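# Coordinate analysis (summary)
Here is how the chains run, residue by residue.
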Amino acid sequence: MAALKTPTLNYTAEQLRGDVFGGLTAAVVMLPLSLAFGVASGLGAIAGLYGAVAVGLLTALGGGSATQISGPTAPLSVAMSVVVVDYAQGDVKKALFIMVLAGALQILLGALRLGSFVAYTPYPVVSGFTSAVGVIIIVVQLIPLLGHEVALGGVAASISALPDAISSVDTSAAALGILAIAVCLFWPRRLGRILPPSVGALLVATVVSVLWIDDVAVIGEVPSGLPDLVMPSFDWADIGGALPPAVTLALLGSINSLLTARVADSMTRDSHHPNRELIGVGAANCLSAFIGAVPGAGATSATVANVKAGGRSRVSGALCALVLGALVLGLGRFAEVIPHPVLAGILIKIGFDIIDWQYLVRVRRTQFDQYAVMGLTLGLSIVSDLLLAVGAGLLAAAMTASRQFERLELDNAVSTPLLDMTFLNQPDPDAGDESDGPAIPSFDLDGPDPFAARTGLLSLRGTYTAASSIKLFNAINHDVEEHEVVIFDFTDTRYMDDSAAYMVGQLVDVAVESGAKCIVMGLEGSQATSVRELNVLRSIPDDQFVEDLDGARIVARRLLDGPDGES
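Residues numbered from 1 in each chain as written. Predicted model: local features only at pLDDT ≥ 70, side-chain atom pairs only at ≥ 80, totals over all residues. Heavy atoms only, no water.

## Let's talk about the sheet that holds strand S6 (residues 485-489)
Strands sit in the order S3-S4-S6-S8-S9 across an open sheet of 5 strands; the sheet is mixed. With one partner strand each, in any of the chains shown, strand S3 (413-418) and strand S9 (545-546) form the two edges of the open sheet. As judged from the 6 bridges shared by S3 and strand S4 (residues 455-460), these two strands associate in the antiparallel manner. When the bridges of S4 are listed, Ala413 appears paired with Leu460. Relative to the sheet, helix H19 (residues 466-480) contacts S3, S4 and S6, its axis offset from that of S3 by approximately 10 degrees. Packing against the sheet, helix H20 (residues 498-513) makes contact with S4, S6 and strand S8 (517-521), and its axis sits at approximately 170 degrees to S6. (Pairing = 2+ DSSP bridges. Helix = DSSP H or I, 4+ residues; strand = E, 2+ residues; numbered from the N terminus. Contact = heavy atoms within 4.5 Å. Axes fitted to C-alpha atoms, helices over the stretch in contact; angles between N-to-C directions.)

In structure tokens, the structure reads:
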């Protein structure tokens, strides 16, 4: 396993200063977000703080990124709320078992070294999923913004409850929520370098509530001190129902963490270890479930804040978690007066920022199939299961990519008729005297038509996959029937999967059935693996395998048994 950069003996005071500033800045960013995501998850505000501390500390010490800050995130809070309501029917201990199972699956993904494959997730799928999470947060939080309890059941339940919430709006709660949104929007940029807008909104709106508005719902009692040990409930009879939501949490958390790690790498020009990151965050989520915490992943906003403030090692992530831990241990009572509509307002602003507006405003400039992939992922994420949406998006992206590969691969396959007078009449490379030049044989004018093209060259250049195999066969099979000798040229073939290899075997069969003789040229190296392993060229004698065109010419003359073949 590749080692990552960690603090060593040459750790300087300047590095420590950057890590301290980075960790403190990240803690300030994570405080309101963890509280809000804890409420959104259905486990409670303090569970969000527990998650920020436990997941943040454990991944900082054992994860795969030196600068990433981990904790509760929007995708996981939305997914966890679905787990609590739909799968666990409000049974928190059952939901925590699903969280343990999800963490174990993340560890398994890392152990199987599958972390690097997340990098292959197409951007339209990521964009559609991300934008959907933003929309879900906005829709779900509109209800508490108007002074009512969150409608259980996701987007559909929130939309159904919205008319009643509007008709009986709590003006005090709505005013506080709108104030929080306004502070986030208009927070001075200079002040934002010291205090993030979300923290400013939390402080300003909470102070207004304490001083002038006392009839809104607040977080209430927040436990101080170390969290109690919680034993997740488990029943083997429930394993079938627990596995699908666990897979959802595992995949969402993995994608969230690894994409955030890529963002950190782009800023620091460093590199993370994806498999180690999955093992680290998976273990953190498993252990966090036993203290009733919200599951966590890479928190993009806190990670960016950490890097911009100077954080460059694991010290910053550990310090962020320790600062939040100190708040949990001694200052939890100050969070009791935070109004729910204030957190809802902050979440709505976060949801708005999460939506990928930059990609959405350019949809007319993108290819239709890419826009369709994004729209499918976005729509299914909102109206259906998040995992189903990502799976459908990946499938649609694979299908659209196959169409692109099909066009490229078809363009690289070239079928060329070789005129007898230009191909067969070329001199042998070893014929003649070097000083006088090679002897050029002449055609027998009484023989076959020199303008005939008894030999055909099928050049398979580049890469060939299942995407093009059927159409390639349909486009070329008639060409191979028109010649007496067909040369299959693999000289410039870079890769050929099993489907394409079987397609070549079918072309050989078509040629043989039509009475043509086959020559195989340039079949060597890695590109020959599938063709040789599947034995699709078994009907071609060994003496008809050649290295280059000169060798193919000699064999073609022999097979045609024409005047040049006897020379």
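## Concerning the side chain of Gln106
Residue position: Gln106 is located in helix H4 (residues 92-111). When near neighbours in sequence (up to four residues on either side) are disregarded, Gln106 contacts Ala250, Gly253, Ser254, Leu278, Ile279, Val281, Gly282 and Asn285.

## Side note on the pattern of salt bridges
Taken as a whole and judged by the stated rule, the model has 5 salt bridges. Note that Asp353 is salt-bridged to Lys349, the shortest N-O span being 2.5 Å. Placement of both Asp353 and Lys349 in helix H14 (residues 340-354) is noted, with a separation of 4 residues, approximately one turn of the helix. Among the residues examined, Asp353 registers a relative accessible area of 47% and is labelled partly exposed. As a salt-bridge pair, Arg454 and Asp420 come within 2.7 Å of each other at their nearest N and O atoms. Here Arg454 is found in the loop between helix H18 (420-423) and S4, whereas its partner Asp420 is found in helix H18, with 34 residues between them in sequence. A single burial state applies to Arg454 and to Asp420, both of which are buried. (Salt bridge = Lys/Arg side-chain N within 4 Å of Asp/Glu carboxyl O. Buried < 20%, exposed > 50% of the residue type's maximum accessible area, 1.4 Å probe, protein only.)

## Quick word on the pairing of S8
Of all 5 residues that make up S8, 4 are buried, and the element is covered over most of its length. Looking at chain direction, S6 and S8 are connected through 5 bridges and run parallel. Bridging from a neighbouring strand, Asp489 pairs with Met521 of S8. As paired elements, S8 and S9 share 2 bridges and run parallel to each other. Counterpart to Val520 in the pairing with S9 is Phe545.

## What to know about the packing of aromatic side chains
Under the definition given, this model contains 1 aromatic pair. With a centroid separation of 5.0 Å and an interplanar angle of 40 degrees, the aromatic rings of Phe352 and Trp357 are classed as tilted. A relative accessible area of 38% places Trp357 in the partly exposed class. (Phe/Tyr/Trp six-rings, centres within 6.5 Å; stacked < 30°, edge-to-face > 60°.)

## A look at the confidence of the model for the chain
Confidence in the prediction of the chain, expressed as mean pLDDT, is 83, and 90% of residues score 70 or more. Confidence drops under pLDDT 50 across residues 562-567; counting only partners more than four residues distant or on other chains, this segment forms 11 contacts. (pLDDT = per-residue confidence, 0-100.)

## A few points about unusual backbone geometry
With phi around 50 degrees, Gln89 is a residue other than glycine that occupies positive phi space. Following the sequence through the fold, Gln89 ends up in the loop between helix H3 (74-87) and H4. Gln89 sits in the exposed class, given a relative accessible area of 56%. Despite not being glycine, Arg113 has its phi angle at roughly 60 degrees, a positive value. As for its placement among the helices and strands, Arg113 is situated in the loop between H4 and helix H5 (123-145).

## Description of the environment of Leu534
By secondary structure assignment, the location of Leu534 is in the loop between helix H21 (529-533) and S9. Overall, Leu534 belongs to the partly exposed group, its relative accessible area being 23%. Measuring from C-alpha to C-alpha, the distance between Leu534 and Thr400 comes to 28 Å, with 134 residues separating the pair along the chain.

## Looking at a nonpolar patch on the surface
Among the surface-exposed residues, Leu108, Leu112, Leu114, Phe117 and Tyr120 lie close enough to one another that they form a single nonpolar patch of about 550 Å² accessible area. The residue Tyr120 is located in the loop between H4 and H5 in this model. Since its relative accessible area comes to 62%, Tyr120 is described here as exposed. (Patch = residues over 30% accessible without salt bridge, like charges linked within 9 Å, V, L, I, M, F, W, Y side chains within 5 Å. Areas by Shrake-Rupley, 256 points an atom, 1.4 Å probe, with all protein chains shown as cover.)

## A closer look at a negative patch on the surface
A contiguous patch of negative charge, built from Glu481, Glu482, Asp509 and Glu513, is present on the exposed surface. In this structure, Glu513 sits in helix H20. (Lys, Arg positive; Asp, Glu negative; His and termini not counted. Charge placed at Lys NZ, Arg CZ, Asp CG, Glu CD.)

## Notes on the side chain of Ser158
Mapped onto the secondary structure, Ser158 falls in helix H6 (residues 154-167). Overall, Ser158 belongs to the buried group, its relative accessible area being 1%.

## Some details on the packing of helix H7 (residues 171-186) against helix H9 (residues 197-212)
Following both chains from N to C, one finds H7 and H9 inclined at 145 degrees, their axes separated by 8 Å at the closest point. When you trace H7 past H9, the crossing you get is right-handed. On H9, the residues touching Leu176, Leu179, Ala180, Val183 and Cys184 of H7 are Pro197, Ser198, Gly200, Ala201, Val204, Ala205, Val208 and Ser209. For the contact of H7 with H9, the per-class residue count stands at 10 nonpolar, 3 polar and no charged. (Left-handed = near helix turned anticlockwise from the far one by under 90°. Nonpolar A, V, L, I, M, F, W, Y, C, P; charged D, E, K, R; others polar.)

## Some points on the packing of H5 against H14
Two numbers describe how H5 lies on H14: the axes approach to 8 Å, and their chain directions differ by 160 degrees. The pairing of H5 with H14 is recorded here as roughly antiparallel in orientation. For the crossing formed where H5 meets H14, the hand is left-handed. Residues Thr130, Gly134, Ile137, Ile138, Gln141, Leu142, Pro144 and Leu145 of H5 pack against Pro341, Ala344, Gly345, Leu347, Ile348, Gly351, Phe352 and Ile354 of H14. Looking at the contact of H5 with H14 residue by residue, the class counts come to 11 nonpolar, 5 polar and no charged. (Parallel < 35°, antiparallel > 145°, perpendicular 65-115°, else oblique.)

## Brief notes about helix H22 (residues 549-560)
An α-helix turns once every 3.6 residues. As a result, residues three or four positions apart point the same way. Relative to the 16 Å expected for 12 residues at 1.5 Å per residue, H22 spans 16 Å between its end C-alpha atoms, a close match to the ideal helical length. Those residues of H22 lying buried are Gly551, Ala552, Arg553, Val555, Ala556, Arg557, Leu559 and Leu560. Lining the buried residues of H22 we find H18, S4, S6, S8 and S9. At the N-terminal boundary of H22, the capping side chain belongs to Asp548, with an oxygen 3.4 Å from the backbone nitrogen of Asp550. (Expected span 1.5 Å × (residues − 1). Polar contact = N/O pair within 3.5 Å; in protein donor to acceptor, adjacent residues only side chain to side chain.)

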